[in-house]
Structures are given as C-alpha cells and as structure tokens.
Amino acid sequence: MESVKKILITGGAGFIGSHVVRRFVQQYPAYHIVNLDALTYAGNLENISDIENKPNYTFVKGDITDPDFINALFADHHFDGVIHLAAESHVDRSITDPMSFVKTNVIGTVNLLHAAKTAWANNAEGKRFYHISTDEVYGSLGQTGLFTETTPYDPNSPYSASKAGSDHFVRAYGETYGLPYVITNCSNNYGPNHFPEKFIPLLINNIIENKALPVYGDGKYTRDWLFVKDHAAAIDLVFHEGKNHETYNIGGFNEWQNIDLVKLLCAKMDAKLGREAGASEKLITYVKDRPGHDLRYAIDASKINSELGWKPSVTFEEGLELTIDWYLQNEAWLKNVTSGDYKNYYDKQYH
Ligand code: NAD
Ligand code: DAU
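Residues numbered from 1 in each chain as written. Chains lettered and ligands numbered in written order. Predicted model: local features only at pLDDT ≥ 70, side-chain atom pairs only at ≥ 80, totals over all residues. Heavy atoms only, no water.

So, the overall build of the protein chain
Thought 1: Counting its regular elements, the protein chain contains 12 helices and 12 strands.
Thought 2: Taking 20 Å as the expected radius of gyration for a compact globule of 351 residues, we find that the protein chain reaches 20 Å, a close match to that expectation.
Thought 3: Oriented by its inertia axes, the alpha-carbon framework of the protein chain measures out at about 65 × 45 × 40 Å.
Thought 4: Counting over 351 residues, the protein chain shows a buried share of 55%. (Helix = DSSP H or I, 4+ residues; strand = E, 2+ residues; numbered from the N terminus. Rg over C-alpha atoms; globule rule 2.2 N^0.38 Å. Buried < 20%, exposed > 50% of the residue type's maximum accessible area, 1.4 Å probe, protein only.)

What follows is the structure, encoded as structure tokens:
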C-alpha cells in the first residue's frame with residue numbers, strides 16, 4: 001500500500017471516524033485525507049476542529065446515499081483508498097426507523113463500492129476499499145464462546161442486518177468485480193466524542209445530571225468494550241498491512257455485564273465528583289428491554305493479533321479514566337450535543 005496518497009474517509013465527523021481522521025492526518029503528512037460526512041445528528045465538526053486547518057485535510061459535506069454526488073466526488077478526486085465508516089449506528093434508532101439504516105448502510109455502501117469499482121476499473125493495483133463493520137453481524141452468543149472470522153452471519157436487529165448486508169455487498173464486489181477490499185468487525189467502542197445515546201456516555205451524562213440510569217431488562221447483557229483510539233490504531237494497521245479479501249475481528253478482550261459496568265462507572269464518577277460512595281448507584285433504574293436484545297458479544301481477536309501484531313494499548317481502567325476525564329473537561333461539547341433534538345429522542349426512548 002505504499003502508493004496510497006489520497007484517501008477518502010467517510011463518517012469522519014462521527015465518533016470513531018473523528019479519531020481515525022485525526023490519526024491519519026497527523027501520522028501521514030504525505031497523504032491527503034478527504035473526510036466525507038453528511039453531518040447527521042451524530043456528525044459533529046467540533047470532534048475534529050483541532051485538525052480542520054491542516055494542509056493535508058479537506059472536509060466535504062455530502063450524503064453517501066446520493067449516487068450522482070458520490071460518482072462526481074470520485075471523478076474529481078482520484079482516490080487511492082477508501083475507509084468507509086459513515087453509517088447509521090444506533091441499534092435503538094434502527095428499531096424505530098429501519099429504512100434509514102437500509103438507505104445509509106446498504107445503499108450508501110453500494111454507491112461507494114460502485115464509484116470505487118468504476119474509478120479503479122483500469123488499474124486497481126495498490127487501491128483498497130476498507131469497510132468498518134461490527135461484531136453484531138454474527139448475532140448473539142450464549143454464556144460461552146467467541147465470535148471468529150468464520151462465525152456465520154446471524155443478525156438480529158435492523159442495524160446489524162443492514163451492516164451484514166453492506167458486508168455482503170463489499171465481499172460480492174470483491175468476488176464479482178475484483179475490487180480490492182478488506183473488512184473489520186469490531187466490538188463496542190468507548191471513549192471521547194461518543195454520542196450520549198450510547199450506553200457509556202449516556203450513563204456518564206446522566207450521573208453528572210443526577211438523572212435515572214436506564215438499564216435494559218435484567219442488566220445481564222454482556223458487551224466487549226474497546227477504547228476508540230485502539231480501534232483507530234487497528235484500522236491504521238489493517239489499512240496498511242491487512243491482506244486483500246480478508247476479514248479481521250477486533251475486540252477488547254474485555255467483557256462486562258451491563259449492570260457491573262454501571263456500578264463500576266457509578267463508583268468512579270462518585271469519586272471524581274466528590275459524591276458520597278454509593279450515591280450514583282441509587283440512580284440505577286431497570287427499564288423495558290430492547291426488542292431482539294443480543295445477550296452477549298465477545299470477540300476472538302487472535303487473527304489480527306497473530307498476523308498483524310495488534311493488541312489494545314490501554315486497560316479498561318485506563319480507558320475509562322481517560323473517557324470520564326474527557327467528558328468532565330468537555331462540558332460544553334456534552335451540553336451542545338444533548339440540547340435540541342437529543343431531548344426529543346431521549347424523552348421518546350425513555351418515557
Ligand atoms: P456515529 O453514529 O458516531 O457516526 C456516524 C457518522 O456517519 C456521523 O458523522 C454521520 O454524520 C455520518 N453519516 C451518517 N449517515 C451518513 C450519510 N448518509 N452520508 C454521509 N455521512 C453519514 O458512528 P460510530 O459509532 O462512529 O461508528 C462508525 C462506524 O463504525 C459505523 O460504520 C459503525 O457501524 C461501525 N462500528 C461502530 C462501533 C461502535 O461501538 N460505535 C463498533 C463497531 C463498528
Ligand atoms: O458491538 C458493536 C456495536 O456496539 C456497534 O456496531 C454499534 O454501532 C454500537 O452502537 C454498539 O451497539 P450496542 O447496542 O451494543 O451499544 P449500546 O451502547 O446501544 O448498548 C450497550 C448495551 O447497553 C446493550 O446491551 C444495551 C444496553 N443499554 C443501552 C442503552 C442505550 C442499556 O441497558 N440502557 C441504555 O439506555
């Protein structure tokens with residue numbers, strides 16, 4: 001991949017995308033990074049305001065569901081690589097509005113694949129289409145076992161079905177048209193800039209505001225948490241060193257039952273906020289379960305570890321510390337993203 005010079009990153013104003021864009025802009029001054037984002041409710045240019053004036057960076061506002069726009073963008077730019085993160089990403093929203101997930105995650109991805117295939121039709125040497133996907137495509141685990149790269153797809157939510165569909169299209173473009181691609185399926189990320197509709201930042205925000213901490217069902221659901229900067233490092237590695245037409249699973253080796261995670265966060269936040277021990281735990285409120293709620297996700301990340309040498313660089317303790325501190329130091333960011341539409345969403349979701 002030495003010839004790569006101009007890279008399109010989609011969804012770079014979102015949570016994970018902003019960390020990936022920053023990493024590439026800072027680490028690869030010889031590359032030009034084009035960040036394409038529609039700035040939906042989840043996209044926020046404040047996430048990357050520190051790099052907006054860098055000479056090797058361009059932001060383009062646009063929608064991946066618009067094929068004419070995407071084709072024109074590829075004609076203008078001659079991209080050498082695509083790292084595709086733009087998506088509708090929240091499971092609960094997919095339950096109330098599945099069609100927007102089909103549009104962005106499936107149709108949007110196919111628009112990008114089609115444009116890349118057309119642009120690279122005469123010479124795909126050194127080019128790469130990289131799809132950032134999720135472990136949720138594998139469905140749910142029972143109490144034991146791990147998802148590997150050969151676990152059959154078995155998605156349960158409209159979100160995971162749409163990500164499974166987009167993965168299948170990426171693979172199909174590889175098989176049918178020879179498009180050089182790579183896919184990674186990652187576990188739950190957490191860290192700075194995480195939108196507070198998701199569990200960890202929602203809990204942090206509600207603890208700060210002394211609001212109820214909603215735990216779905218019995219709280220025994222299990223997720224495997226990874227610090228977002230470790231995911232960005234894995235993406236960098238796979239983009240440069242991964243093999244074409246391969247899938248790599250990425251995970252944190254870090255499983256937590258939701259209820260234990262809430263209690264851990266409560267204790268840490270009480271200490272940070274100078275509250276009496278046990279104060280925030282009183283806010284825990286069991287609420288109606290998520291329909292189709294997957295019991296457990298856990299990743300076997302041995303392939304990326306043994307083939308590419310990747311492993312998480314921070315422990316969960318360290319990552320949570322960094323995350324909590326970031327939210328406490330960025331109150332304006334939190335206030336900004338939780339005003340307006342967020343309130344409407346929150347009231348509907350947790351009425
Ligand atoms: P996010 O919701 O924070 O950000 C998504 C970004 O995509 C936003 O900036 C949004 O404006 C943009 N976007 C949405 N629709 C668009 C469209 N039609 N055209 C252009 N841009 C559009 O999401 P995230 O949590 O950062 O996830 C990024 C990617 O990583 C997604 O593909 C997601 O499926 C995948 N992923 C996320 C996690 C996780 O834990 N968050 C784990 C594994 C994989
Ligand atoms: O596994 C990777 C996936 O992780 C990504 O593909 C998704 O984009 C990302 O949103 C995330 O999906 P989850 O559904 O696992 O994350 P969420 O933060 O929504 O929920 C985490 C767990 O916490 C899950 O078991 C549901 C539960 N939960 C969530 C919320 C928002 C609650 O108990 N209460 C809540 O209020």
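Description of the layout of surface pockets
Thought 1: The computed volume of the second largest pocket comes to approximately 670 Å³.
Thought 2: In terms of lining residues, the second largest pocket is bounded by 26 residues, among which Asp92, Thr96, Lys348, Gln349 and Tyr350 are the most central.
Thought 3: Elements that contribute at least two residues to the lining of the second largest pocket include exactly helix H3 (91–96), helix H4 (98–119), strand S8 (213–216), strand S12 (284–287) and helix H12 (341–349).
Thought 4: By residue number, the principal contributor to the lining of the second largest pocket is H12, which donates 5 residues.
Thought 5: Its residues placed into classes, the lining of the second largest pocket shows 11 nonpolar, 6 polar and 9 charged. (1 Å grid on protein atoms, 1.4 Å probe; cavity = no way out; pocket = protein on both sides within 12 Å on 5 of 7 lines; lining within 4 Å. Points joined across faces, edges and corners; volume = space filled by probe spheres on them. Nonpolar A, V, L, I, M, F, W, Y, C, P; charged D, E, K, R; others polar.)

Some words on the side chain of Glu136
Thought 1: Looking at the element boundaries, Glu136 is found in the loop between strand S5 (128–134) and helix H5 (158–177).
Thought 2: Sequence-distant contacts of Glu136, that is, excluding residues within four places in its chain, are made with Val91, Pro155, Ser157, Tyr159, Ser160 and Tyr297. (Contact = heavy atoms within 4.5 Å.)

Here's the deal with helix H1 (residues 15–27)
Every α-helix winds through 3.6 residues per turn, so residues three or four apart in the chain are directed the same way.
Thought 1: Taking 1.5 Å of rise per residue, the 13 residues of H1 would be expected to cover 18 Å, and the 19 Å separating its terminal C-alpha atoms lies within 8% of that figure.
Thought 2: Burial analysis of H1 places 10 of its 13 residues in the buried class, the great majority of the element.
Thought 3: Buried residues in H1 make contact with strand S1 (6–10), strand S2 (32–37), strand S3 (57–61), strand S4 (81–84), strand S7 (188–190) and helix H7 (228–241). (Expected span 1.5 Å × (residues − 1).)

As for the pairing of strand S9 (residues 222–227)
Thought 1: Along S9, 6 of the 6 residues are buried, which leaves the element largely enclosed by surrounding structure.
Thought 2: Residues Thr222, Asp224 and Leu226 of S9 are buried on one face, and the alternating residues Arg223, Trp225 and Phe227, pointing to the opposite face, are buried as well.

As for the pattern of salt bridges
Thought 1: Per the stated rule, a full pass over the model turns up 16 salt bridges.
Thought 2: Asp92 is the salt-bridge partner of Arg290, the closest N and O atoms lying 2.7 Å from each other. Placement of the pair is Arg290 in the loop between S12 and helix H9 (302–308) and Asp92 in helix H3, with a sequence separation of 198 residues. Asp92 carries the same exposure label as Arg290, and that label is buried. (Salt bridge = Lys/Arg side-chain N within 4 Å of Asp/Glu carboxyl O.)

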